[in-house]
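# Per-entry structural report
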Amino acid sequence: MVGCSVVLVETVRSGIALHGPYDVDAEIRSIPKGYGVKGMFFDRLLVVLGSDFDSARATLDKPPERGRYVGFRDYPGADFVRLAAAAARKAYPHLGLREAVRRLALDDFKVFADSMLGKVTLAVASDARSVLKKVPFIYRSLAPGDWDISAEELDERTVRLDFRPFIGRWEYAVGQFEGAILHYGPRSIIHVSAHPQGHVRFDVEHAFAAEA
């Protein structure tokens, strides 16, 4: 049917770098005003940026009071994109921005795991598959916005994550999923496909730790 095509955007494999352009300004313009990210994820970017945060601060819509973000307070998603791009460039200066952002996102899982919400959630999650199935709950709790997220287990190695619509660029999300999987040891292959009306699908294949 015309207008209803599905496009495989990319297949992302553990250890294989992403290449190609990454337009930060275009991503910032695409972020809805109501989309927020919890302060706990901003704080680790400040650690990466160090003294470089002083120059980045002037670009923010809502700079942190007294230079610190409050863990469970919502801050503008556009500000997160700005700081994540700056931190990725600093942390991985020899990589293209797509890969640098992906690698930066790997550590988000540790931030989540160290939070009270993360500790409660992971207490009942024994492997990568069970964590991936909780992605809708985690995103709704920590990155509130006008999107519908679902998780479906296709088989024992694959979880399908649907975002309707997806907000921003998907490279950062791929890094987050990979970070969750790596917490349990296995490798991953993530198939990213674009659907009409901003719907993005991630088919996340994960191996078990014993096979990694």
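Residues numbered from 1 in each chain as written. Predicted model: local features only at pLDDT ≥ 70, side-chain atom pairs only at ≥ 80, totals over all residues. Heavy atoms only, no water.

## Notes on the layout of surface pockets
- What the largest pocket holds in volume is close to 150 Å³.
- In terms of lining residues, the largest pocket is bounded by S14, G15, I16, A17, E99, R102, R103, L106, E178 and L182.
- No other element matches the three residues that helix 5 (residues 97-105) contributes to the lining of the largest pocket.
- A class-by-class count of the residues in the lining of the largest pocket yields four nonpolar, two polar and four charged. (1 Å grid on protein atoms, 1.4 Å probe; cavity = no way out; pocket = protein on both sides within 12 Å on 5 of 7 lines; lining within 4 Å. Points joined across faces, edges and corners; volume = space filled by probe spheres on them. Helix = DSSP H or I, 4+ residues; strand = E, 2+ residues; numbered from the N terminus. Nonpolar A, V, L, I, M, F, W, Y, C, P; charged D, E, K, R; others polar.)

## Observations concerning the pairing of strand 7 (residues 200-206)
- The buried fraction of strand 7 amounts to six of the seven residues, a majority that puts the element mostly inside the structure.
- Summarising the sheet, strand 5 (residues 158-164) and strand 7 pair through six bridges and their orientation is antiparallel. Counted as the bridge partner of D162 is R201 from strand 7.
- Where strand 6 (residues 188-194) lies against strand 7, seven bridges are found, and the strand directions are antiparallel. Looking at strand 7, one finds that H191 is bridged to D203.
- The antiparallel pairing of strand 6 with strand 7 creates a hairpin that spans five residues between the two strands, and Q197 there sits at a positive phi of about 60°. (Buried < 20%, exposed > 50% of the residue type's maximum accessible area, 1.4 Å probe, protein only. Pairing = 2+ DSSP bridges.)

## A short note on the nonpolar core
- Membership of the largest hydrophobic core comes to 66 residues, with the highest contact counts inside it found for L83, L161, F163, F177 and F202.
- The element contributing the most residues to this core is helix 4 (residues 77-91), with eight residues.
- With residues near it in sequence (within four places) discarded, L161 still touches L132, V135, S150, A151, F177, V200, R201, F202 and V204. (Core = buried A, V, L, I, M, F, W, Y, C linked by side-chain atoms within 4.5 Å. Contact = heavy atoms within 4.5 Å.)

## Some points on the side chain of D79
- Relative to the elements of secondary structure, D79 occurs in helix 4.
- Since its relative accessible area comes to 0%, D79 is described here as buried.
- Within the structure, the side chain of D79 is placed 2.8 Å from the side chain of R82, a separation counted as a polar contact.
- The residues touching D79, leaving out its near neighbours within four places in the chain, are F42, L60, D61 and K62. (Polar contact = N/O pair within 3.5 Å; in protein donor to acceptor, adjacent residues only side chain to side chain.)

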